[in-house]
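What follows is each chain in one-letter form.
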Amino acid sequence: MRKRSPGLDESLLTHLPPFSRLERHQIRAILDQATSRRHDVGVHIFDEGAEADRFYLLLDGYIRVVRITPTGDQVVALHIPPGQLFGIAQALGRDRYPATAITAAEALTLSWPMRLWTPFVSEYDGFASETYATVGNRIGEMNTRLVEMATQAVEQRVANALLRLVNQTGRRVDDGIEIDFPITRQDLSEMTGTTLHTVSRLLSAWERDGLVRSARKRITVTDAHALVLRSQGSAAPDDTVTPPR
DNA sequence: ACATTAAAGTCGA
DNA sequence: TCGACTTTAATGT
């Protein structure tokens, strides 16, 4: 199941930001300490609150980072695309995972024991600065989502969530950009703090207007520009003043 | 403007 | 065929 990975090619890591400044023999050493693993879709790689014993690099697939409330409601915090580290509790000064990581699509990961985190940071040039940069980006994204939640109407939030997804995980297809992993109305509602019904109605309306095309678990944005307009909203929120033209 | 409830339709394993 | 997913409409706040 889980296997040692001396057979992995160094080129797997050479282009990725955390490792891009390293020598070949350094990457070899890193790979030799890694465990590689394939995960089916929908499995928990680690759970919120569990002891953070390993950190991970996503080679392929997608990870959904989720928090679960006592009543069982899920909130999707963010999605991790291939090439990024996750489960890096140590970088945040934690010894337990702050959220749950679930595969959004079949995934391939490398992982290392968390005790290697400190040596990696001190020995490998650029590792720390690059990983803190991605941590910063994630915090920035969560930050803008916080503002969206507080100020924007549901249609704008869902439009923004969709746009982020196509930007981060979109794949070009003939008639637009498709989200690269299966995603349901429920998932989208959990990302935007609304219900699956509202998401369904919005997607139906957008499909009628030719902005998106969707089948079950598949969403393609066919007119990103028009969707950007929806994400900015035409109607002003209750207590804001609409500036004159 | 949006959630909730209810019902029914559709798709895939 | 069954359950997961989706849609639609009616009604509530």
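Residues numbered from 1 in each chain as written. Chains lettered and ligands numbered in written order. Predicted model: local features only at pLDDT ≥ 70, side-chain atom pairs only at ≥ 80, totals over all residues. Heavy atoms only, no water.

1. A look at the UniProt feature "domain: Cyclic nucleotide-binding" (unreviewed entry) in chain A
In the numbering used here, UniProt assigns the "domain: Cyclic nucleotide-binding" (unreviewed entry) feature to residues 18-104. Strand forms 39% of residues 18-104 and helix 10%; the C-alpha atoms that close the span are 23 Å apart. (UniProt positions renumbered as here; feature names shortened; annotations may be inferred. Helix = DSSP H or I, 4+ residues; strand = E, 2+ residues; numbered from the N terminus.)

2. Things to note about the domain arrangement of chain A
Reports often express the size of an interface as the amount of accessible area lost when the parts come together. What the domain assignment lists for chain A is domain 1 (3-147) and domain 2 (153-232). For domain 1 versus domain 2, the distance between C-alpha centres works out to 26 Å. The interface of domain 1 with domain 2 comprises 12 residues on the first partner and 10 residues on the second. Sorting the residues of domain 1 by area buried against domain 2 places Tyr62, His79 and Arg145 first, and these three jointly supply 45% of that buried surface. Counting across the interface, domain 1 meets domain 2 through two salt bridges. Arg164 is the salt-bridge partner of Glu141, the closest N and O atoms lying 4.0 Å from each other. Inspection of the domain 1/domain 2 interface yields four residue pairs in polar contact (both at pLDDT 80 or more). At four residues, the largest contribution of residues to the side of domain 1 that touches domain 2 is made by strand 6 (residues 74-80). (Domains from an automatic or database assignment. Contact = heavy atoms within 4.5 Å. Buried area = accessible area lost by both parts, 1.4 Å probe. Salt bridge = Lys/Arg side-chain N within 4 Å of Asp/Glu carboxyl O. Polar contact = N/O pair within 3.5 Å; in protein donor to acceptor, adjacent residues only side chain to side chain.)

3. Observations regarding the nonpolar core
If you look at the biggest cluster of nonpolar residues, it comprises 39 residues, and the most contacted ones within it are Leu13, Phe19, Phe55, Leu57, Ile63, Phe86 and Trp112. Residues Val166, Leu203, Trp206 and Leu211 belong to the second largest nonpolar core, which totals 28 residues. (Core = buried A, V, L, I, M, F, W, Y, C linked by side-chain atoms within 4.5 Å. Buried < 20%, exposed > 50% of the residue type's maximum accessible area, 1.4 Å probe, protein only.)

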